[in-house]
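Per-entry structural report
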Amino acid sequence: MAFRSRREKLRTILSSSACVHPGSVYDAISIRIAEDLGFPLGMFGGSVASLAVLGDPDVTLITLTELAEQMRRMSRAATLPVLVDADHGYGNALNVRRTVQELETAGAAGLTIEDTLLPAAFGEARTQLISLEEGVGKMKAALDGRSDPSLVIMGRTGAASISSLDDTIRRAQAYEATGIDALFFTGIKSRAELDAIAAATSLPIVLGGAPDELNALDYLAGQRVRIALQGHAPIAVATQAVHDTLKALREGTPPKNLKGLASSELTGRVMREADMKARSAEFLGLKK
């Protein structure tokens, strides 16, 4: 299958003894840059998807169709494996099954399904969790929706910051028992919490945002953490750069005096200009 090699690369990361940082990607340009810089993996976060596609905050307004289409654009642009934050699977367990099908055909190397209650309930400001039983059903449905066995499916929980450490471990063990490939945790606040989770489970671990004491790669690797996110700085930096450039132009700065513009060499590399010229020569009879 066209995307199997990407999924096998993600599986190699999960089966290794090291912990890696993924590059945060959200469009064709960012994934090509991450690939060119040598990142082993891309992470397409839900908050980033909402901002890049809709310009909206992370409040579950983006649809499955929009998420999958953006993933499809990135899959065309580069061969870097991408782990997709599929939120809650866009509905109940049957919707989760459909989510897996769509993201698989869009080229995702792996995806996460979380047990957060989304969208947020009326009148409830606090983040809530679905029941453990519903979460298990979603994991089973995700596995059932997978056609390519190399597609990586991860169960995600933020229970550490919502309910308790004991609940986190109960959920992780229940999701692990369904046959998923890895466990994704957010909200872990200390090494003691991570140590307890690692001791109670056996699958590879992916760690979301974490405090400074959980940033040492050697320590994380020793606790079976194979992927540790570093947030989504690229889109934040890009947003500031666009703001500053447009502000300068609006205030009268001549284009030639603008700072921080990509060089023609970098732009050509990102757009794969050399490849396009070679194809134009071969298929259109144009000179290189």
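Residues numbered from 1 in each chain as written. Predicted model: local features only at pLDDT ≥ 70, side-chain atom pairs only at ≥ 80, totals over all residues. Heavy atoms only, no water.

Right, let's get into the overall build of the protein chain. From N to C terminus, the protein chain includes 12 helices and 8 strands. The C-alpha atoms of the protein chain give 20 Å as radius of gyration, which agrees with the globular expectation for 288 residues (19 Å, within 12%). Oriented by its inertia axes, the alpha-carbon framework of the protein chain measures out at about 60 × 45 × 40 Å. Counting across all 288 residues of the protein chain, residues that qualify as buried make up 46%. Across the protein chain, the fraction of contacts at a sequence separation of at least 24, relative to all contacts at a separation of at least 6, is 69%. Split by element, the accessible area of the protein chain, about 14300 Å² in all, is 55% carbon and sulfur. Taken as two groups, the 32 positive and 34 negative side-chain charges of the protein chain have centres that lie 7 Å from each other. (Helix = DSSP H or I, 4+ residues; strand = E, 2+ residues; numbered from the N terminus. Rg over C-alpha atoms; globule rule 2.2 N^0.38 Å. Buried < 20%, exposed > 50% of the residue type's maximum accessible area, 1.4 Å probe, protein only. Contact = heavy atoms within 4.5 Å. Areas by Shrake-Rupley, 256 points an atom, 1.4 Å probe, with all protein chains shown as cover. Lys, Arg positive; Asp, Glu negative; His and termini not counted. Charge placed at Lys NZ, Arg CZ, Asp CG, Glu CD.)

Let us look at helix 12 (residues 273-284). Taking 1.5 Å as the rise per residue, helix 12 with 12 residues should run 16 Å; its terminal C-alpha atoms sit 15 Å apart, in good agreement. Positive backbone phi, at 70°, marks G285, one or two positions downstream of helix 12. (Expected span 1.5 Å × (residues − 1).)

Among the structural elements, R156 can be located in strand 5 (residues 152-157). Engagement of the side chain of R156 in a polar contact is seen with the side chain of D85, the distance being 3.5 Å. The residues contacting R156, other than those within four sequence positions of it, are D85, T112, I113, E114, D115, M139, F184 and T186. (Polar contact = N/O pair within 3.5 Å; in protein donor to acceptor, adjacent residues only side chain to side chain.)

Moving on: the sheet that holds strand 2 (residues 42-44). With parallel pairing, the 8 strands of this open sheet are ordered in space as 1-2-3-4-5-6-7-8. Each end of this open sheet is capped by a strand with a single partner; those strands are strand 1 (23-24) and strand 8 (225-228). (Pairing = 2+ DSSP bridges.)

Examined against the element boundaries, T178 turns out to sit in the loop between helix 7 (165-177) and strand 6 (182-185). There is a polar contact of 2.6 Å between the side chain of T178 and the backbone oxygen of Y175. When neighbours within four sequence positions are excluded, T178 is seen to be in contact with V136, M139, K140 and L143.

Counting through the fold element by element, Q223 comes out in the loop between helix 9 (217-222) and strand 8. Measuring from C-alpha to C-alpha, the distance between Q223 and R191 comes to 9.6 Å, with 32 residues separating the pair along the chain. Each residue touching Q223, except ones within four places of it in the same chain, is listed here: L194, D195, A198 and I205.

This paragraph deals with the pairing of strand 6. Across the two faces of strand 6 the burial is the same, with A182 and F184 and L183 and F185 all buried. Pairing of strand 5 with strand 6 involves 4 bridges; the strand directions are parallel. Looking at the pairing, T157 lines up with F185 of strand 6. Chirality of the crossover, the property in question, places the unit of strand 5, helix 7 and strand 6 among those that are right-handed. In terms of handedness, the path from strand 6 via helix 8 (residues 191-200) over to strand 7 (residues 205-207) forms a crossover that is right-handed. (Right-handed = clockwise from strand over helix to strand, strands pointing away.)

Along the chain, L118 connects to P119 via a cis peptide bond; the corresponding omega equals -10°. Residue placement: P119 occurs in the loop between strand 4 (110-114) and helix 6 (132-145). A positive phi angle, close to 50°, is found at D87, a residue other than glycine. Here Y90, not a glycine, exhibits a phi torsion of approximately 65°, which is positive. Relative to the helices and strands, Y90 is located in the loop between strand 3 (82-85) and helix 5 (93-105).

A word on the pattern of salt bridges. According to the stated counting rule, one finds 18 salt bridges in the structure shown. Between R156 and E114 there is a salt bridge; the shortest N-O distance is 3.8 Å. With R156 in strand 5 and E114 in strand 4, the pair connects residues that are 42 residues apart, well separated along the chain. Overall, E114 belongs to the buried group, its relative accessible area being 8%. The partner of E193 in a salt bridge is K189, with the nearest N and O atoms 3.6 Å apart. By relative accessible area, which is 14% here, E193 ends up buried. In this structure, a network of salt bridges that share partners links the residues D115, D167, R170 and R171. (Salt bridge = Lys/Arg side-chain N within 4 Å of Asp/Glu carboxyl O.)

Moving on, we get to the nonpolar core. V84 and L220 are the most contacted members of the largest nonpolar core, which has 56 residues in total. Among the elements that make up this core, the one with the highest residue count is helix 4 (residues 64-77) (6 residues). Residue contacts for V84: discarding those within four places in its chain leaves M43, F44, L67, M71, L103, A108, G110, L111 and T112. The next biggest cluster of nonpolar side chains, apart from the first, holds 14 residues, and it includes L10, L41, A109 and I227. (Core = buried A, V, L, I, M, F, W, Y, C linked by side-chain atoms within 4.5 Å.)

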